[in-house]
Amino acid sequence: MLLEFSKFLNSEIITLLLVLLLSLIISRKREDLIKIAIVLILTSLIVLALKYILKIERPCVFKEASIECPKSYSYPSWHAAVFFSLAMLTLRMPIFAFYLFFSLLVGLSRIYLEVHTFEDVIGGYAIGAFCYLFIENKKSE
Amino acid sequence: MNEEGIEIVRKIIHIGSALVFFPILIIGGRELFLVFVFFIFVAFLIVLNLREIGIKIAIVENVREMVERKNVKIVGIGVLWFLIGILIASSLLKDVKEIAAILCALILGDGTASVIGKYGKFKIRIKNSEKSVEGALAFFIFSSVSLIFIGERALIFSLFLTLIEFLPLKFDDNFLIPVAGTIFFLIF
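Keep in mind it's a predicted model, so treat the numbers as computed, not measured.

So, how was this worked out
Per chain, the residues get numbers from 1 upward, laid out in the order the sequence is written. Chains and ligands are labelled by the order in which they are written, letters from A for the one and numbers from 1 for the other. Local features are withheld for residues below a pLDDT of 70 in this predicted model, meaning they are given only at 70 or higher, and side-chain atom pairs are given and counted only at 80 or more; totals for whole chains, interfaces and linings count all residues. Where side-chain values are given, they derive from all heavy atoms of the structure, hydrogens and water being excluded. Strands are runs of DSSP state E lasting at least 2 residues, helices are runs of H or I lasting at least 4, and numbering of each runs from the N terminus. Only C-alpha atoms enter the radius of gyration; for comparison, a globular chain is expected to reach 2.2 Å times N to the power 0.38, where N is the number of residues. Each residue gets one of three labels from its accessible area relative to the maximum for its type: buried under 20%, exposed over 50%, partly exposed in between, using a 1.4 Å probe on protein chains only. Contacts are assigned to residue pairs that have any heavy atoms within 4.5 Å of one another. Two parts lose some accessible area (1.4 Å probe) when they are put together, and adding that loss for both gives the buried area. Counted as salt bridges are all cases of a side-chain nitrogen of Lys or Arg within 4 Å of a carboxyl oxygen of Asp or Glu. How sure the predictor is of each residue is captured by pLDDT, a score from 0 to 100. Pairing of aromatic rings covers Phe, Tyr and Trp, the last through its six-membered ring, and needs centres within 6.5 Å; plane angles under 30 degrees mean stacked, over 60 mean edge-to-face, and all others mean tilted. The term nonpolar core refers to a set of buried residues drawn from Ala, Val, Leu, Ile, Met, Phe, Trp, Tyr and Cys, joined through side-chain atoms within 4.5 Å. Note on definitions: angles span 0 to 180 degrees between N-to-C directions of axes, and those axes are lines fitted to C-alpha atoms, for helices only across the stretch in contact. An angle below 35 degrees is read as roughly parallel, one above 145 as roughly antiparallel, one from 65 to 115 as roughly perpendicular, and any other as oblique. By convention, the crossing between two helices is left-handed when the near helix turns anticlockwise from the far helix through less than a right angle, and right-handed when the turn is clockwise. Asp, Glu, Lys and Arg are counted as charged, while Ala, Val, Leu, Ile, Met, Phe, Trp, Tyr, Cys and Pro are counted as nonpolar; the rest, among them Gly, fall into the polar class. What counts as a disulfide here is a pair of cysteine sulfur atoms lying within 2.5 Å. A pocket here means an open set of points on a 1 Å grid, computed over the protein atoms alone, that has protein on both sides within 12 Å along at least five of seven lines. A cavity is instead a set of points where a 1.4 Å probe fits but cannot get out; residues with an atom within 4 Å of a point line either one. Grid points are joined across faces, edges and corners, and a volume is the space filled by probe spheres set on the points.

### Some points on the overall build of chain A
Here comes step 1: A tally of regular secondary structure across chain A gives seven helices and zero strands.
Here comes step 2: Along its sequence from the N terminus, chain A presents helices and strands in the succession α-α-α-α-α-α-α.
Here comes step 3: Compactness check: chain A gives a C-alpha radius of gyration of 15 Å against a globular reference of 14 Å for 141 residues, within 12% of the reference.
Here comes step 4: In terms of principal-axis extent, the alpha carbons of chain A reach across some 45 × 35 × 20 Å.
Here comes step 5: The burial tally for chain A puts 48% of its 141 residues in the buried class.

### Considering the interface of chain A and chain B
Here comes step 1: Residue-level contacts link 29 residues of chain A with 27 residues of chain B.
Here comes step 2: With both chains or domains summed, chain A and chain B bury close to 2400 Å², and 78% of this area falls on carbon and sulfur atoms.
Here comes step 3: For chain A, the biggest contributors to the area lost against chain B are Arg92, Glu119 and Leu133 of chain A; these three give 23% of the whole.
Here comes step 4: Taken together, the links from chain A to chain B amount to two salt bridges.
Here comes step 5: One salt bridge in this structure joins arginine 92 of chain A and glutamate 52 of chain B, with 3.6 Å as the shortest N-O distance.
Here comes step 6: Those elements giving two or more residues to the side of chain A that touches chain B turn out to be helix H5 (78-89), helix H6 (96-112) and helix H7 (118-140) of chain A.

### Notes on the confidence of the model for chain B
Here comes step 1: Per-residue confidence for chain B gives a mean pLDDT of 91, with 100% of residues at or over 70.
Here comes step 2: Across the interfaces of the predicted complex, the ipTM metric reaches 0.94, alongside a pTM of 0.95.

### Considerations on the packing of aromatic side chains
Here comes step 1: For the structure on display, the rule yields 25 aromatic pairs over all chains.
Here comes step 2: Between phenylalanine 84 of chain A and tyrosine 125 of chain A, the ring centres sit 4.9 Å apart and the planes meet at 45 degrees, which makes this aromatic pair tilted. Highlighted residues: phenylalanine 84 of chain A in helix H5 and tyrosine 125 of chain A in helix H7, separated in sequence by 41 residues.
Here comes step 3: Take tyrosine 125 of chain A: its relative accessible area is 3%, and that puts it in the buried class.
Here comes step 4: Considering the side-chain rings of tryptophan 81 of chain B and phenylalanine 175 of chain B, the 5.2 Å spacing of their centres and the 55 degrees angle between planes classify their relative orientation as tilted. Taken together, the positions of tryptophan 81 of chain B in helix H4 (residues 77-92) and phenylalanine 175 of chain B in helix H9 (residues 173-187) put the pair 94 residues apart, joining distant regions of the chain.

### Considering the environment of glycine 29 of chain B
Here comes step 1: Tracing the backbone through its elements, the reader meets glycine 29 of chain B in helix H2 (residues 18-52).
Here comes step 2: Each C-alpha atom, one on glycine 29 of chain B and one on aspartate 95 of chain B, is 9.6 Å from the other, the two residues being 66 residues apart in sequence.

### As for the nonpolar core
Here comes step 1: Phe83 and Leu86 of chain A together with Phe21, Phe41, Ile84 and Phe157 of chain B are the most contacted members of the largest nonpolar core, which has 87 residues in total.
Here comes step 2: Here this core gets twelve residues from one element, more than from any other, and that element is H2 of chain B.
Here comes step 3: Dropping the residues within four chain positions of it, phenylalanine 21 of chain B is found in contact with Phe33, Phe36, Val37, Phe82, Leu83, Ile86, Leu103 and Ile107 of chain B.

### Let's talk about the environment of isoleucine 56 of chain A
Residues and elements named next belong to chain A.
Here comes step 1: Residue position: isoleucine 56 is located in the loop between helix H3 (30-54) and helix H4 (59-62).
Here comes step 2: Here isoleucine 56 falls in the partly exposed class, since its relative accessible area comes to 29%.
Here comes step 3: In this structure the C-alpha to C-alpha distance between isoleucine 56 and serine 109, which are 53 residues apart in sequence, comes to 19 Å.

### Section: the packing of H6 of chain A against H7 of chain A
All names here are of chain A.
Here comes step 1: Here H6 crosses H7 at 150 degrees, and the two axes come no closer than 9 Å. As the angle between them shows, H6 and H7 are arranged roughly antiparallel. Note that H6 runs across H7; the crossing there is right-handed. Where H6 abuts H7, its residues Ser103, Leu104, Gly107, Arg110 and Ile111 lie against Phe118, Val121 and Tyr125.

### Details of the packing of H5 of chain A against H7 of chain A
Any two packed helices are characterised by how steeply their axes cross, that is the angle between the axes, and by the distance between the axes.
Residues and elements named next belong to chain A.
Here comes step 1: Between H5 and H7, the least distance of the axes is 7 Å, while the angle of their chain directions is 40 degrees. Judged on the interaxial angle alone, H7 and H5 are oblique. Note on packing geometry: the crossing formed by H5 with H7 is right-handed. Residue-level inspection shows Ala80, Ala81, Phe84, Ser85, Met88 and Leu89 of H5 in contact with H7, the latter providing Val121, Gly124, Tyr125, Gly128, Ala129 and Tyr132.
Here comes step 2: Grouping the constituent residues of the contact of H5 with H7 by class yields nine nonpolar, three polar and no charged.

### Observations concerning the state of the cysteines
All names here are of chain A.
Here comes step 1: As enumerated under the stated definition, the model contains one disulfide over all chains in all.
Here comes step 2: Across a sulfur-sulfur distance of 2.0 Å, cysteine 60 and cysteine 69 are joined as a disulfide pair. In this structure the cystine formed by cysteine 60 and cysteine 69 twists about its S-S bond by roughly 65 degrees; its chirality is therefore right-handed.

### Details of empty space enclosed by the protein
Residue and element names in this part refer to chain B.
Here comes step 1: With the rule as written, the count across this model stands at two cavities of 30 Å³ or more.
Here comes step 2: Counted as a void, the largest cavity has a volume near 60 Å³.
Here comes step 3: Looking at side-chain class alone, the lining of the largest cavity contains four nonpolar, no polar and two charged residues.
Here comes step 4: By volume, the second largest cavity amounts to about 30 Å³.
Here comes step 5: Along the walls of the second largest cavity sit Val47, Leu50, Arg51, Ile55, Lys56, Ile57, Val60 and Glu61, which together make up its complete lining.
Here comes step 6: Among the elements of the structure, H2 and helix H3 (58-67) are those that each provide at least two residues to the lining of the second largest cavity.
Here comes step 7: When residues of the lining of the second largest cavity are assigned to their parent elements, the largest contribution, three residues, is made by H2.
Here comes step 8: Residue composition of the lining of the second largest cavity, grouped by class: five nonpolar, no polar and three charged.

Below, the structure written as structure tokens:
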């Protein structure tokens, strides 16, 4: 079952649709949606920049994985970063537990598929949390 | 508790956290350390969330009153920056000794710098931030404890982080120090 879930989430279109759906669920006003978009764009940009600066190969490059190995670099995991930043955006809401659990499940699925290591996923979570706190801090200044 | 009392308790906890982090890193290794820090991070987020939705845990509230600065905009933000910084450092660096050196600067260097810096006489003003020379010196000396982990590299490492800490950058020191330390070890 975890394999099916992991493969399902591996699709970029499915992931983007899920991110959009999870963003819409927590957006009460237009301002919320703008804030979510800013956090997600910042997260994605930092993840992409780090991938191309650090150039760390994915674990599936060195051994056979259950899916085709993605062409991009490994650290940090974009999936983990994006879903964790979404979870952070719900920190003040009762739905946080679900978003947190889902982001942990996404991270686990990336390790299970061997497209990321444990460190990549933790790094992704840290970047996601950083982006949320950075924007939240700027907003409160 | 007054502001000064709060600051003292904060610094005792900050420096005292070395007693938890160092043994886990050195005895348990990098993987266990990473799992441990991530576990604390998630547990802290859950407590913050419970508080936000109105479920307040008595012991947590007591501790918060003892350590939280007045008029803080985001509750627990210092701890969050601290844990995020450590997570980035320990997920990127492979060598336990380098992670230990970063902990020396973050826990011992930064902790003592703010205590000693508070009573410092020689102040230097850069933009809106005022830093004391004594604080910077304390940061350098206590960060140099990393000598036992990384050898003579510790002097350049400590000097680099002292300069970073001295600059009026807009990031929290708890985040800036481990990230700057990580960049140092990735380059040198």
